[in-house]
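Remarks on the overall topology
Here's the letter readout for the chains.
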Amino acid sequence: MKNFMLPVIVSLTGLIFCTHVIGQNSSLANIDEFILNEMEQLHKPGIAACIIKGDSIVWSRNYGYAILEDSLPVSDTTLFTVCSVGKSITAACVLQLWDDGLLDLDENINNFLPFQIDNPNVENDSITARMLMIHTSSIVDYNPGAYISIGDPTVTLGYFCENYLSPGGAYYYGNNFLNAIPGTTDAYSTAGSALNGYLVEPLTGMNYNDYAREYLFNPLNMERSAWLLSELNISNLAIGYDFSGGSYNPHPHYGVSAYPGATLRSNVFELAHFVIMLMNGGNYNFTQVLSAATIDSMTTLQSPLFLRGLGLTHNDLWNYHGTFTREIWGHNGGDNTLAFAATIQFCPVDNTGIVYLSNSSTQPENIKKKLFDYAAMIVIADSAIEISDTQFTAQWQFAPDASGYFLDVALNEEFTYIVEGYENLDVGSDINYQVSDLSSNTEYFYRMRAYNENDTGAYSNTIGLTTLLGNGFVNKLNTSIKVWSRDKTVFIELPQNTGLETSATLYSLTGQQLRKTILTDGMNSIRMDIRKQPIIIKINAGNNSYCKKVMVW
């Protein structure tokens, strides 16, 4: 493979491939410039990242190249080797067994393994699944080059675990254990995570890889994610690079026999599904993947000596401005041999999370901080309420770092026709605002931005609505009929006890009848499976009729 010189990379960093952007044009929206500069400083060929808020991905972008030799840009579907992030995935699989009552986290794993594990340095060497997940098992990584190969591993997970941890095994060197009683010393271990994944096999009778696919990847819609190269589209897998001698040097796709802790391949969106599940009490898309109690355990320090939950790590991440910290849970991944770096993290207080992937091994701490700052200033606009013929109330969701909000109201989605008095209007710190002095039966759009003393956030999503028609025709009882529309629903408000037979008929602009309904007194609604479009409403009440064009939003 060719090496690529630094000037080529610098010229390519201007390319940005954007998707799912919730807003732009603010100080924080310079996140693109910031990330591109970090890419140049850290010598990163490609990056994919996304921000999660609640149960949704609200921002995502791709930068640079997945494969330099082919000038293949990073895309939404680009797969990266996520290295140790896979340890959290493996922990989740084992914790499902705990949820199902198949595993006691504090039981000696020798009770159900087909081979025995013994730390030769100590007498009290009972190792448990909990220890494996918080890296206190006394198992260490020794001579990993012996079980790393180009391409997929040629031995099974069970073979690796037995031969790494049992005397006389092919990978047993006498230095695979610390001289410490299990549970007393922190020793981060990929081999220990591999053993954690292997626990699935004697307890379920399933291959670990198959179990993860059926019980975790499938419920989380992680269809492209895979542990093994043979299970994915290799042309869609980014190549890892190191930077040395002024050039970018490609690495081959490696396989690791301890794969549950090292070689998961995934993309930002599928990993975001996993983060969403963690952030929402184990629930993803109405499927309870893990119990809420188990999620609580994953985000609870398991020992005062170590900053680890079950399969997750705790740390405080400084705000980019250096004014405060956020309590973060998640997992990093990175390896110089594989030449990738990855991060999944979330802030329970802010209810935000990030996924970051790159095809070089350096960890970009500044980018992570910037992403969380960006996330905490994202505003989600909600549908308007209290709509009348002259006003409505705009609503939006709280942004954790906001001191206040700016509101824009316009007559078009592009916001080139701003309503007078509603451009960048400072509406304070409330999360709703009454917009007044409007025209009846008129389509309006609004959006928000958060601000604080340090920055202004990106624009929110845009909300559209149509004000009421105002008073309709006057019937025999001298009362009014009102008509308005919102969320694919036309609302008809009739006077009470008119004694008149009233009907509403909906037509397209070409005259096609869409729906006819006989209405009774009180509030009535007509639901239609139609997209945003103008329609004609014709109302008949007694001998009176009334027609009006409205926009169904």
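Residues numbered from 1 in each chain as written. Predicted model: local features only at pLDDT ≥ 70, side-chain atom pairs only at ≥ 80, totals over all residues. Heavy atoms only, no water.

**Thoughts on the nonpolar core**
Counting residues in hydrophobic clusters, the biggest one holds 91 residues, and the most contacted among them are L195, F274 and V355. Among the elements that make up this core, the one with the highest residue count is helix α9 (residues 268–279) (ten residues). Setting aside anything within four residues of it in sequence, one finds L195 in contact with I109, L113, I117, L132, I139, C161 and L165. (Core = buried A, V, L, I, M, F, W, Y, C linked by side-chain atoms within 4.5 Å. Buried < 20%, exposed > 50% of the residue type's maximum accessible area, 1.4 Å probe, protein only. Helix = DSSP H or I, 4+ residues; strand = E, 2+ residues; numbered from the N terminus. Contact = heavy atoms within 4.5 Å.)

**Re helix α3 (residues 86–99)**
In a regular helix each residue adds 1.5 Å, so 14 residues correspond to 20 Å; α3 covers 20 Å between its end C-alpha atoms and thus fits that length. In terms of residue burial, α3 counts as a mostly covered element, since twelve of its 14 residues are buried. Where α3 is concerned, the buried positions are G86, K87, S88, I89, T90, A91, A92, C93, V94, L95, Q96 and L97. Downstream of α3 by a residue or two, G101 has a phi angle that is positive, lying close to 75°. (Expected span 1.5 Å × (residues − 1).)

**Re the sheet that holds strand β20 (residues 404–410)**
As summarised here, the arrangement of the four strands in space is β21-β20-β23-β24, forming an open sheet in which the pairing is antiparallel. The open sheet has two free edges, formed respectively by β21 (425–426) and β24 (463–466), since each of these has just one partner strand. Note that strand β23 (residues 443–451) and β24 share four bridges and pair antiparallel. Opposite Y444, over in β24, you have L465 as the bridge partner. (Pairing = 2+ DSSP bridges.)

**Considering the packing of aromatic side chains**
Under the defined criterion, the tally for this structure stands at 19 aromatic pairs. Seen in terms of ring centroids, Y142 and Y173 are 5.5 Å apart; in terms of plane orientation they differ by 55°. Their pairing is tilted. Here Y142 is found in the loop between α4 (129–134) and β7 (148–150), whereas its partner Y173 is found in the loop between α5 (157–165) and α6 (190–198), with 31 residues between them in sequence. A relative accessible area of 34% places Y142 in the partly exposed class. A relative accessible area of 31% places Y173 in the partly exposed class. Through a chain of ring-to-ring contacts, the aromatic side chains of Y147, Y159, F160, Y164 and Y171 assemble into a single cluster. (Phe/Tyr/Trp six-rings, centres within 6.5 Å; stacked < 30°, edge-to-face > 60°.)

**Some remarks on the confidence of the model for the protein**
Averaged over all residues, the pLDDT of the protein is 87; the fraction at 70 or higher stands at 84%. This stretch, residues 1–25, has a pLDDT under 50; its non-local contacts, to residues over four places away or in other chains, come to 68 contacts. (pLDDT = per-residue confidence, 0-100.)

**Description of helix α2 (residues 31–42)**
With twelve residues, α2 should reach 16 Å at 1.5 Å per residue; the first-to-last C-alpha distance of 16 Å fits that figure. Within the sequence span of α2, burial applies to I31, D32, F34, I35, L36, E38 and M39. Just beyond α2, the residue with positive phi is H43, at close to 60°.

**Points about unusual backbone geometry**
Glycine aside, residues mostly have negative phi, and peptide bonds are mostly found in the trans state. The phi dihedral of H135 is positive, around 65°, even though this residue is not glycine. Counting through the fold element by element, H135 comes out in the loop between α4 and β7. You will see that F286, though not glycine, has its phi angle at about 70°, which is positive.

**Focus on the sheet that holds strand β22 (residues 432–435)**
Strand order in the open sheet formed by three strands is β18-β19-β22, and the pairing between neighbours is antiparallel. Edge strands, defined here as strands with exactly one partner in the open sheet, are β18 (381–385) and β22. The average angle at which neighbouring strand axes cross in this sheet is 25°, direction not considered. As paired elements, β18 and strand β19 (residues 392–396) share three bridges and run antiparallel to each other. Pairing of D382 across the sheet is with Q395, part of β19. (Axes fitted to C-alpha atoms, helices over the stretch in contact; angles between N-to-C directions.)

**Describing the pairing of strand β8 (residues 241–244)**
Sheet topology note: the β8/strand β9 (residues 247–250) ladder contains four bridges and is antiparallel. Each bridged residue has a counterpart across the sheet, and for S244 the counterpart in β9 is S247. Here β8 folds back onto β9, and the loop between the two strands holds two residues, one of which, G245, carries a positive phi near 60°.

**Points about the environment of D118**
Inspection of the secondary structure assignment puts D118 in the loop between α3 and α4. Taking the C-alpha atoms as reference points, D118 and F177, 59 residues apart in sequence, are found 9.1 Å from one another. Excluding its chain neighbours within four sequence positions, the residues that come into contact with D118 are D125, L165, Y172 and F177.

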